[in-house]
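As a plain string of letters, each chain reads:
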Amino acid sequence: MLGDRTMIGVISDRRMVGDHPFQMVGEKYLRALVDAADAYPVGLPSLAEGFDVVDILDRLDGLFLTGSPSNMDPAHYMGDPSRPGTWHDAERDVAALALIPAAIRAGMPLMAVCRGFQEMNVAFGGSLHQHVHEVSGYRMHKENPDDPLDVQYSPVHLVEFTPGGLLERITGVSSAQVNSLHSQAVNRLGEGLTVEATAEDGLVEGFSVTDAPGFTLAVQWHPEWKVTSNPVSMSLYHAFGEACRQYRSRGQEPRQLAGQVG
């Protein structure tokens, strides 16, 4: 029944449209949660003030961190200042870095892609390459913006799953061809994170939180793109959705735990 679907919070971008700020979530992320995780997605505003993490988590069964064209401010990981013209979203930075540890400590299932993957690494003390394609030894990981969307989001390189790891267990395969649409990437992996996937050039493409009490998965690629036609992507969202249903079935216990997050 539709009424039995879980409620998954989805972080929003804060973007200016003309002179007005808007809270935005890409429809492809929402659609994937509906179609592949069997969930109701709920947009969470990224507000500079009045953002009560505990109060929001108390009403959710899961948390999803989307990709975005904006970059994390390198001040959060003591990186070099961004190049002029770099798109930042200070409000989202604040929201993500508050939500991530609170959700994990509450045992709430958490899934993250692209920018969300980078946010999770920084939340655990990791750092980022701001332009990974300019770092010796790494391939071109960003898309050509002049290509049609189907070309931009087409599989372009292989990722190997850690033997016996979460991704291998979820998908039942040892590797997958994935898309690649990012300039930022993991430089130093955050403390307490377990590598779940690597690209052929050695770049970390997936990780989980080692001692998290609940389901956690972060991937650098975009499994939401045409998710229903990709068995590997479907398996990721199905596993996340099932974890959210199990979390919900635990009743009031996780909510009481979330309320203790300080």
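See the structure above.
The following paragraphs examine the structure supplied in this document.

The rules we used
- Residues numbered from 1 in each chain as written.
- Predicted model: local features only at pLDDT ≥ 70, side-chain atom pairs only at ≥ 80, totals over all residues.
- Heavy atoms only, no water.
- Pairing = 2+ DSSP bridges.
- Helix = DSSP H or I, 4+ residues; strand = E, 2+ residues; numbered from the N terminus.
- Expected span 1.5 Å × (residues − 1).
- Buried < 20%, exposed > 50% of the residue type's maximum accessible area, 1.4 Å probe, protein only.
- Axes fitted to C-alpha atoms, helices over the stretch in contact; angles between N-to-C directions.
- Parallel < 35°, antiparallel > 145°, perpendicular 65-115°, else oblique.
- Left-handed = near helix turned anticlockwise from the far one by under 90°.
- Contact = heavy atoms within 4.5 Å.
- Nonpolar A, V, L, I, M, F, W, Y, C, P; charged D, E, K, R; others polar.

## So, the pairing of strand 3 (residues 20–24)
Thinking step 1. With five bridges joining them, strand 2 (residues 13–17) and strand 3 adopt antiparallel strand pairing. Bridge pairing links Arg14 to Gln23 in strand 3.
Thinking step 2. The antiparallel hairpin formed by strand 2 and strand 3 contains two residues in its connecting segment, where Gly18 sits at a positive phi of about 65°.

## A short note on helix 3 (residues 90–105)
Thinking step 1. Taking 1.5 Å of rise per residue, the 16 residues of helix 3 would be expected to cover 22 Å, and the 24 Å separating its terminal C-alpha atoms lies within 8% of that figure.
Thinking step 2. Looking at helix 3, one finds that the buried residues are Glu91, Arg92, Asp93, Ala95, Ala96, Leu99, Ile100, Ala102, Ala103 and Ile104.
Thinking step 3. Gly107 sits one or two residues past helix 3 and shows a positive phi near 80°.

## Digging into the packing of helix 3 against helix 4 (residues 115–123)
Thinking step 1. Packing of helix 3 against helix 4 brings their axes to within 10 Å, and their N-to-C directions diverge by 70°. Judged by the inter-axis angle, helix 3 sits roughly perpendicular to helix 4. Judged by the twist between their axes, the crossing of helix 3 over helix 4 is right-handed. Facing helix 3, whose interface residues are Arg92, Asp93, Ala96, Leu97, Ile100 and Ile104, helix 4 presents Arg115, Gly116, Glu119, Met120, Val122 and Ala123.
Thinking step 2. Residues belonging to the contact of helix 3 with helix 4 are distributed by class as follows: seven nonpolar, one polar and four charged.

Taken by themselves, the reported measurements are silent on function.
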